[in-house]
Amino acid sequence: MDAFFASVELLRYPQLKGLPVVIGGGRRKVDELLLQGPDGTGLRERHFIPVEDFPLLKDYVGRGVITTATYPARQFGVGSAMGMMKAAKLCPQAIVLPVDFDEVRRFSRLFKSTIMEIAPVMQDRGVDEVYIDFTDVPGGQREGGRVLARLIQKSIFDVTGLTCSIGVAPNRLLAKMASEFNKPNGISIVYEEDLQTRIWPLNVRKINGIGPKAGEKLARLGIETIGQLAAQDEQWLMGHFGKSTGAWMHRVAWGRDDSPVVTESEPVSMSRETTFDRDLHAVRDRTELGAIFTNLCMRLAEDLQRKGYVARTIGIKLRYDDFKIATRDHTANLYTADGATIRQLAGQCLKRVPLDKRLRLLGVRASTLARRGEEPLLEPRAGATAETRRRKPGSADGADGAEGVGGTAQLF
């Protein structure tokens, strides 16, 4: 989907079309303020609100990051995951609006269900992206897939009013890259014979799976384009990046990807987290933290219930003011999707982390998932109702292995 979060906002406020708009920052209160207007009458219609009444990025104060930006904002160098204070220096005149997650999820369900009516072999890749297998869809091969791609674009626009960009290629790897070629509202067809002319000139970071660290290491080795990567000996790449990664790099540089479009996959975990507008202290801001913590647990429970899952392991994640991270898990002798139970189990984890420093972020995570009604039978253990375990340093979610502060009396 094209600038999905921002495009959803432009449906709500069409007077902002063509203007630089960034989405991110604080909680959603801006609508009430805009509807009230300067005199507080509360009589204004959304689409009649003057552009000059919207909040500007130059006035933003906080530590939020940009979720997405409209294409006019991107022309100033503003992009996703950029700090909003930094973005304000690049494009101070941009209008800033917070994310409406409920509305974004509603439109996400709409565009995906629209695709499924046309091409039922679809892999969900997040709130705004999917893979679709055209192979056996009637008309899927016409004009290299362009006819079906046009139909999908038109159908999504008719249902949602939103545009999307589609890349069609022999495999997922190339299709992902092709989808970025002609944004917004574009269609790009890439054939196997286009590899050298259209794929090899691209930066290696355009390969889905080569992140910042690998990109930096490749640049130090004098490799910046996919073509330069393809020119390297596979054994040489394996020597620098390891057997598995090196072989994978060589394979994808040559456009090879045999991974299928997977129509169903079971989630490994679900989580909710929030970054605070200001650092909070476990003692001095106990009431505020307690409310936030409870809300995260309840929202996580709602996610589990809505998707039909229960969890056995509940964990927490803390990021301190020095950016260090601590995580703890609590594995119970039961499966649950109950908010109060999740809050209780997460509270047990809090007793095992240091709370003497200010906090930037707080998160709650559910794992060891099972479909509701299909939970494995658990053996009861004498003298215990739950077991706890501490995740080791260097785990996938960045646990730093910090020891808990013994004797903590009050927790939020």
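Residues numbered from 1 in each chain as written. Predicted model: local features only at pLDDT ≥ 70, side-chain atom pairs only at ≥ 80, totals over all residues. Heavy atoms only, no water.

1. Topic: the pattern of salt bridges
Oppositely charged side chains may form a pair once their charged atoms are brought near each other.
Right, on to step 1. Applying the stated criterion across every chain, the model contains 16 salt bridges.
Right, on to step 2. The partner of Arg278 in a salt bridge is Glu288, and the shortest N-O contact between them spans 3.1 Å. Here the residue Arg278 occupies a position in strand 8 (residues 269-280), and Glu288 occupies one in helix 13 (residues 286-307), the gap between them amounting to ten residues.
Right, on to step 3. The exposure class assigned to Arg278 is partly exposed, which follows from its relative accessible area of 42%.
Right, on to step 4. A cluster of three or more residues bridged by salt bridges with shared partners is formed by Glu9, Arg12 and Asp100. (Salt bridge = Lys/Arg side-chain N within 4 Å of Asp/Glu carboxyl O. Helix = DSSP H or I, 4+ residues; strand = E, 2+ residues; numbered from the N terminus. Buried < 20%, exposed > 50% of the residue type's maximum accessible area, 1.4 Å probe, protein only.)

2. Observations concerning the packing of aromatic side chains
Right, on to step 1. What the rule picks out here adds up to four aromatic pairs.
Right, on to step 2. Ring geometry for Phe4 and Phe111: centres 6.0 Å apart, planes at 75°, overall edge-to-face. Of the two residues, Phe4 is situated in helix 1 (residues 4-12) and Phe111 in helix 5 (residues 101-118); the sequence distance between them amounts to 107 residues. For the pair formed by Phe4 and Phe111, the shared burial category is buried.
Right, on to step 3. Aromatic pair Tyr13 and Phe54: ring centres 5.1 Å apart, planes at 80°, arrangement edge-to-face. With Tyr13 in the loop between helix 1 and strand 1 (21-24) and Phe54 in the loop between helix 2 (30-36) and strand 2 (66-69), this pair connects stretches of sequence that are 41 residues apart. (Phe/Tyr/Trp six-rings, centres within 6.5 Å; stacked < 30°, edge-to-face > 60°.)

3. Topic: the sheet that holds strand 2
Right, on to step 1. Strand order in this open sheet of three strands is 2-1-3, and the pairing throughout is mixed. Of all strands in the sheet, those bounded by a partner on one side alone are strand 2 and strand 3 (95-97). Shown here is a sheet whose adjacent strand axes are inclined to one another by a mean of 25°, direction ignored.
Right, on to step 2. On top of the sheet, helix 1 reaches strand 1, strand 2 and strand 3; it is set at about 65° to strand 2, its chief contact. (Pairing = 2+ DSSP bridges. Axes fitted to C-alpha atoms, helices over the stretch in contact; angles between N-to-C directions. Contact = heavy atoms within 4.5 Å.)

4. Considering the confidence of the model for the chain
Right, on to step 1. Across the chain, the average pLDDT comes to 86, with 89% of residues at 70 or higher.
Right, on to step 2. pLDDT under 50 marks residues 382-409. Its contacts with residues more than four places away, or in other chains, come to 55 contacts. (pLDDT = per-residue confidence, 0-100.)

5. With respect to unusual backbone geometry
Right, on to step 1. Between Lys183 and the following residue, Pro184, the backbone shows a cis peptide bond with an omega angle of -5°.
Right, on to step 2. With respect to the secondary-structure elements, Pro184 resides in the loop between helix 7 (172-178) and strand 7 (187-189).
Right, on to step 3. Despite not being glycine, Asn185 has its phi angle at roughly 60°, a positive value.
Right, on to step 4. You can call Asn185 partly exposed: its relative accessible area is 44%.

6. Points about the environment of Gly315
Right, on to step 1. With respect to the secondary-structure elements, Gly315 resides in strand 9 (residues 309-320).
Right, on to step 2. Residues Gly315 and Ser367, 52 residues apart in the sequence, show an inter-C-alpha distance of 8.0 Å.
Right, on to step 3. With near-sequence residues (within four places) excluded, Gly315 lies in contact with Arg328, Asp329, Cys349, Gly363, Val364 and Arg365.

7. Focus on the side chain of Thr68
Right, on to step 1. Tracing the chain through its elements places Thr68 in strand 2.
Right, on to step 2. Among the polar contacts made by the side chain of Thr68, one reaches the side chain of Arg74 at a distance of 3.1 Å.
Right, on to step 3. Apart from the residues lying within four places of it in its own chain, the contact partners of Thr68 are Ala3, Phe5, Ala6, Val22, Ile23, Arg74 and Ser80. (Polar contact = N/O pair within 3.5 Å; in protein donor to acceptor, adjacent residues only side chain to side chain.)

8. A closer look at the side chain of Asp303
Right, on to step 1. One can find Asp303 in helix 13.
Right, on to step 2. Apart from residues lying up to four places away in sequence, Asp303 is in contact with Met270 and Arg272.

9. A few points about the packing of helix 1 against helix 5
Right, on to step 1. Following both chains from N to C, one finds helix 1 and helix 5 inclined at 100°, their axes separated by 10 Å at the closest point. Taken together, helix 1 and helix 5 sit at an angle that is classed as roughly perpendicular. Side by side, helix 1 and helix 5 meet where Phe4, Phe5, Val8, Leu11 and Arg12 of the first sit next to Phe101, Glu103, Val104, Phe107, Ser108 and Phe111 of the second.
Right, on to step 2. Residues of the contact of helix 1 with helix 5, tallied by class, amount to eight nonpolar, one polar and two charged. (Parallel < 35°, antiparallel > 145°, perpendicular 65-115°, else oblique. Nonpolar A, V, L, I, M, F, W, Y, C, P; charged D, E, K, R; others polar.)

10. As for the environment of Asn208
Right, on to step 1. Residue placement: Asn208 occurs in the loop between helix 8 (195-199) and helix 9 (212-220).
Right, on to step 2. Separated by 36 residues in sequence, Asn208 and Arg172 have C-alpha atoms that sit 9.8 Å apart.
Right, on to step 3. Not counting residues up to four positions away in its chain, the partners in contact with Asn208 are Arg125, Tyr131, Lys176 and Trp248.

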